[in-house]
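Observations on chain architecture
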Amino acid sequence: MNITVIGSGYVGLVTGTCFAEMGNHVTCIDIDQKKIDKLKEGIIPIYEPGLESMVLKNVANGSLHFSTNLEDGLNKSKVVFIAVGTPMGEDGSADLQYVLSVASEIGQKIKKPLVVVDKSTVPVGTADKVTAAIATELEKRQEEIEFHVVSNPEFLKEGAAIQDFMKPDRIVIGADSEAAFQRMRDLYAPFTHNHDRMIEMDVRSAEMTKYVANAMLATKISFMNEVANICELVDADVNQVRIGIGSDSRIGYSFIYPGSGYGGSCFPKDVKALKKIAENEGYHASLISSVEAVNDEQKLVIAKKVITRFGEDLTGKTFAVWGLAFKPGTDDMREAPAIYIINELVKRGAQIKAYDPKAMHEAQSFYLKDTPNVSYFNSKYETLSDANAMILLTEWKEFRSPDFEELKMKLISPIIFDGRNQYSHLRLESKGFEYFQIGKKVLKAEV
C-alpha cells in the first residue's frame, strides 16, 4: 500500500519505517529541509535501538522516501498519517496548530479518496477539527472528494519503539465508517497475522484511550513513589513492599519501581493534557492532579538527600552523575529528573561531572547548555575522580554491575545516592559504602 507520513520526528519516523519494513511504499514528509536532507544521507536525528539500520535498509530497497513536498506522497497514497508535534501550551493543553495546519494543506491538495489518520497524541474532539479543516478547504475549491478521519494513537515506548510497532500488544482504531475500518485492517494485517490485536471503537474513545493509558501508568509510578516516601518515614523498606504487592496478579510488578519520578515526552505532557481536558468540561480531576504534584516533588528527593548529607552550601563539593536521559535506551532528556537534580545542586555551588551513554549531546546542546559547573566525560569511571559522591539517575545496563572497589578508590568518600534503587539488593553498607536510596533510610557503612 502507498502511505504518506507527515512529520518525521520520533513517532513519524518509526511509523513510516516500520510500515516500509512490511513492504509498503512510504513517503515521510517534513517541512524541515535540513532534517530531510540528513535523512536522505542516512543520518538519523534521534537515537532509537534498531531504527537506523531499518531506515537505511528500506531507503536502499526503495520502500522508504523522504521529502518536504506533501504532494510527493499524497497524490499516490491511500492513507496519510498526521504525526506532527503537539507541544504543550502554557495552560497545559495540547497545541494543535501543526495538526490543523497539516489538515488544511491536505484539504488544499487532496485529489482522490483518502483515509487521514491522526497518529499524533491529540485531545478528544481533534478528529472533528481535522475533518472540518479538510472540508473547509475542499469547499473553497468547490470539490467533493470522499475522505475519512481515523484516530490511531501510538503506544511506543522509547527504547523499544521498533519492537512495540512490529509486535504490538494492541492496535487501537477509532473510525466512523466501515470503509475506514477496512482500510486500516488491510494496512495492519501483517502486524496481526499471528494474533488479532486490533481494537475498534468510535473516534473520541480512541483519542481518549491514549491519554488514559499514559495517565494510568503515571499514576502507578507516583503512587509507588509516595509509598516509598512513607516507607522511609516509618523505617520500612519499599523494595520489599514492592515485592509483596507485586505478587498480587491484580497489581503486578510493572511500573511499581520507586525512583526519581517519570519524565520524557509522553507522561508529563499527557497527564497535564488530560487534566486540562477535564477542566475544560468543568471537572476537577483530583487524582490526576495529585499524580502530577507527587511527580514534581519526587524529582527533587535525591537532591534533598544530597543537601541533607552535605549541607545547603555545596561550594567546593563535586558530584559524579551517572545517567542524564529520562530512561535507558534513549537520548531523550525531556522532563528528565537529572535536569532538576543537577540544577538544584549547581545553584548551591556544586560541581557536576556527568556521563550518559547517549544523552550527553542533548544535555550540552539544549537541556543543560545554560547550566554552569557541569563537565562531561567519556566513561562512568572518569567522573569519579575527586568527587564527593556518585549519583545514579538513569538505570542503563552498564551501570548495573560497576566495579565498586574502583568507586571506593576514586571517590573522596564512598557515598552513593541511588535515584533508581539499582543497588538496593547488594547491601552496599557491608562493602563500606554510605548508601542513599528511594524509600529507605540511609544505610551507613559497616565498620
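Attention in this report is confined to the structure presented alongside it. (Residues numbered from 1 in each chain as written. Predicted model: local features only at pLDDT ≥ 70, side-chain atom pairs only at ≥ 80, totals over all residues. Heavy atoms only, no water.)

1. Digging into the side chain of Asp356
What counts, and what does not: Working definition: helices are DSSP H or I runs of at least four residues, strands are E runs of at least two. Numbering for both runs from the N terminus. With a 1.4 Å probe rolled over the protein chains alone, any residue whose accessible area is under 20% of its type maximum counts as buried; one over 50% counts as exposed, and the rest are partly exposed. Counting rule for charge: Lys and Arg are taken as positive, Asp and Glu as negative, and neither His nor the chain ends is counted. Here, a salt bridge means any Lys or Arg side-chain nitrogen found within 4 Å of an Asp or Glu carboxyl oxygen. N or O atoms closer than or at 3.5 Å make up a polar contact, with two conditions inside protein: a donor-capable atom paired with an acceptor-capable one, and, for residues adjacent in sequence, both atoms drawn from side chains. Contact definition: two residues touch when any of their heavy atoms are within 4.5 Å.
Residue placement: Asp356 occurs in the loop between β10 (351-355) and α15 (360-367). Buried and without a salt bridge, Asp356 has Lys358 as its closest oppositely charged side chain, separated by 8.5 Å. A distance of 2.7 Å separates a polar atom in the side chain of Asp356 from the backbone nitrogen of Leu324. A distance of 3.1 Å separates a polar side-chain atom of Asp356 from the backbone nitrogen of Ala325. Non-local contacts of Asp356, meaning those with residues more than four positions away in its chain, are made with Gly323, Leu324, Ala325, Thr394 and Trp396.

2. Details of the packing of aromatic side chains
We count it as follows: Any pair of Phe, Tyr and Trp rings, taking the six-membered ring for Trp, is counted once the centres come within 6.5 Å. Such a pair is stacked with planes under 30 degrees apart, edge-to-face with planes over 60 apart, and tilted for the rest. Sitting over a ring, as applied to charges here, requires NZ of Lys or CZ of Arg to be within 6 Å of the ring centre and within 35 degrees of the ring normal.
Counted according to the given criterion, the structure contains 18 aromatic pairs. Seen in terms of ring centroids, Phe417 and Phe436 are 4.4 Å apart; in terms of plane orientation they differ by 15°. Their pairing is stacked. Residue Phe417 is located in strand β13 (residues 415-418), and its partner Phe436 is located in strand β14 (residues 434-437); the two are separated by 19 residues in the primary sequence. Judged by its relative accessible area of 0%, Phe417 is buried. Site record: aromatic cluster; members linked through ring pairs are Phe19, Phe81, Phe165, Tyr188 and Phe191. Over the ring of Phe155 we find Arg170; its NZ or CZ atom is 3.7 Å from the centre of that ring. We note Arg309 situated over the ring of Phe310; from NZ or CZ to the ring centre the distance is 4.9 Å.

3. Focus: the pattern of salt bridges
This structure, assessed with the given rule, holds 31 salt bridges. Of the charged contacts in the structure, one is a salt bridge between Lys140 and Glu137, with a shortest N-O distance of 3.3 Å. Placement of both Lys140 and Glu137 in helix α6 (residues 126-141) is noted, with a separation of three residues, approximately one turn of the helix. For Arg309, the salt bridge identified is with Glu434, shortest N-O distance 2.8 Å. You can see Arg309 sitting in helix α13 (residues 301-310) and its partner Glu434 sitting in strand β14, a full 125 residues away along the chain. Residue classification places Arg309 among the partly exposed residues on the basis of a relative accessible area of 32%.

4. Quick look at the nonpolar core
Test applied: By convention a nonpolar core is built from buried Ala, Val, Leu, Ile, Met, Phe, Trp, Tyr and Cys residues, the set being connected through side-chain atoms within 4.5 Å.
Formed by 60 residues in total, the largest nonpolar core has its most connected members in Phe319, Leu324, Leu345, Met390, Leu407 and Tyr423. Non-local contacts of Phe319, meaning those with residues more than four positions away in its chain, are made with Val306, Phe310, Leu314, Leu345, Ala350, Gln351, Ile352, Lys353, Ala387, Asn388, Ala389 and Ile391. By size, the runner-up hydrophobic cluster in this structure holds 40 residues, among which are Met166, Ile171, Ala180 and Leu187.

5. Structural notes on the sheet that holds β13
This is how the line gets drawn: Here, strands pair whenever DSSP counts at least two bridges between them. Between N-to-C directions, angles span 0 to 180 degrees; the directions come from axes that are lines fitted to C-alpha atoms, helices contributing only their stretch in contact.
The seven strands lie next to each other as β11-β10-β9-β12-β13-β14-β15, forming an open sheet whose pairing is mixed. Edge positions in the open sheet fall to β11 (374-376) and β15 (440-443), since each of these has one partner strand only. Across the sheet, the axes of successive neighbouring strands diverge by a mean angle of 20°, strand direction being ignored. One ladder, built from three bridges, connects strand β12 (residues 389-392) with β13; its direction is parallel. Among the inter-strand pairings, Met390 is bridged to a residue of β13, identified as Ile416. Where helix α14 (residues 337-346) meets the sheet, its contacts fall on β9 (318-322), β10, β11 and β12, and the angle it forms with β10 comes to roughly 155°.

6. Some remarks on the packing of helix α5 (residues 97-109) against α6
The following threshold applies: Handedness of a crossing is defined here by the sense of rotation of the near helix relative to the far one, left-handed for an anticlockwise turn of less than a right angle and right-handed for a clockwise turn. Residue polarity follows a fixed list, in which Ala, Val, Leu, Ile, Met, Phe, Trp, Tyr, Cys and Pro are nonpolar, Asp, Glu, Lys and Arg are charged, and the others, Gly among them, are polar.
At a minimum axis distance of 8 Å, the contact between α5 and α6 shows a crossing angle of 35°. Judged by the twist between their axes, the crossing of α5 over α6 is right-handed. On the side of α5, the interface is formed by Val99, Leu100, Ala103, Ser104, Ile106, Gly107, Gln108 and Lys109, while α6 contributes Thr126, Lys129, Val130, Ala133, Ile134, Glu137, Leu138 and Arg141. Here the residues of the contact of α5 with α6 are counted per class, giving eight nonpolar, four polar and four charged.

7. Brief notes about the environment of Lys111
Within the secondary structure, Lys111 is located in the loop between α5 and β5 (114-118). The class for Lys111 is exposed, based on a relative accessible area of 58%. Sequence separation between Lys111 and Glu362 is 251 residues; the distance between their C-alpha atoms is 41 Å. Leaving out residues up to four positions away in the same chain, Lys111 has contacts with Glu71, Asn75 and Ile145.

8. Overview of the packing of helix α9 (residues 203-233) against helix α11 (residues 267-280)
What counts is decided by this rule: Small angles under 35 degrees read as roughly parallel and large ones over 145 as roughly antiparallel, with 65 to 115 read as roughly perpendicular and the rest as oblique.
For the pair α9 and α11, the least separation of the axes is 9 Å and the interaxial angle reads 115°. Classified by the angle their axes make, α9 and α11 are roughly perpendicular. Here the hand of the crossing between α9 and α11 comes out left-handed. On α11, the residues touching Met208, Lys210, Tyr211, Val212, Asn214, Ala215, Leu217, Ala218 and Ile221 of α9 are Phe267, Asp270, Val271, Ala273, Leu274 and Ile277. Grouping the amino acids of the contact of α9 with α11 by side-chain chemistry returns 12 nonpolar, one polar and two charged.

9. Considering the pairing of strand β7 (residues 171-174)
Formally: Orient the strands so they point away from the viewer, and a crossover whose first-strand-to-second-strand path over the helix runs clockwise is right-handed.
The alternating pattern of β7 places Ile171 and Ile173 on one face and Val172 and Gly174 on the opposite face, and all of these are buried. Sheet topology note: the β7/strand β8 (residues 198-201) ladder contains four bridges and is parallel. Looking across to β8, one finds that Gly174 is bridged to Met201. This β-α-β element, β7 to helix α8 (residues 178-188) to β8, shows right-handed connectivity.

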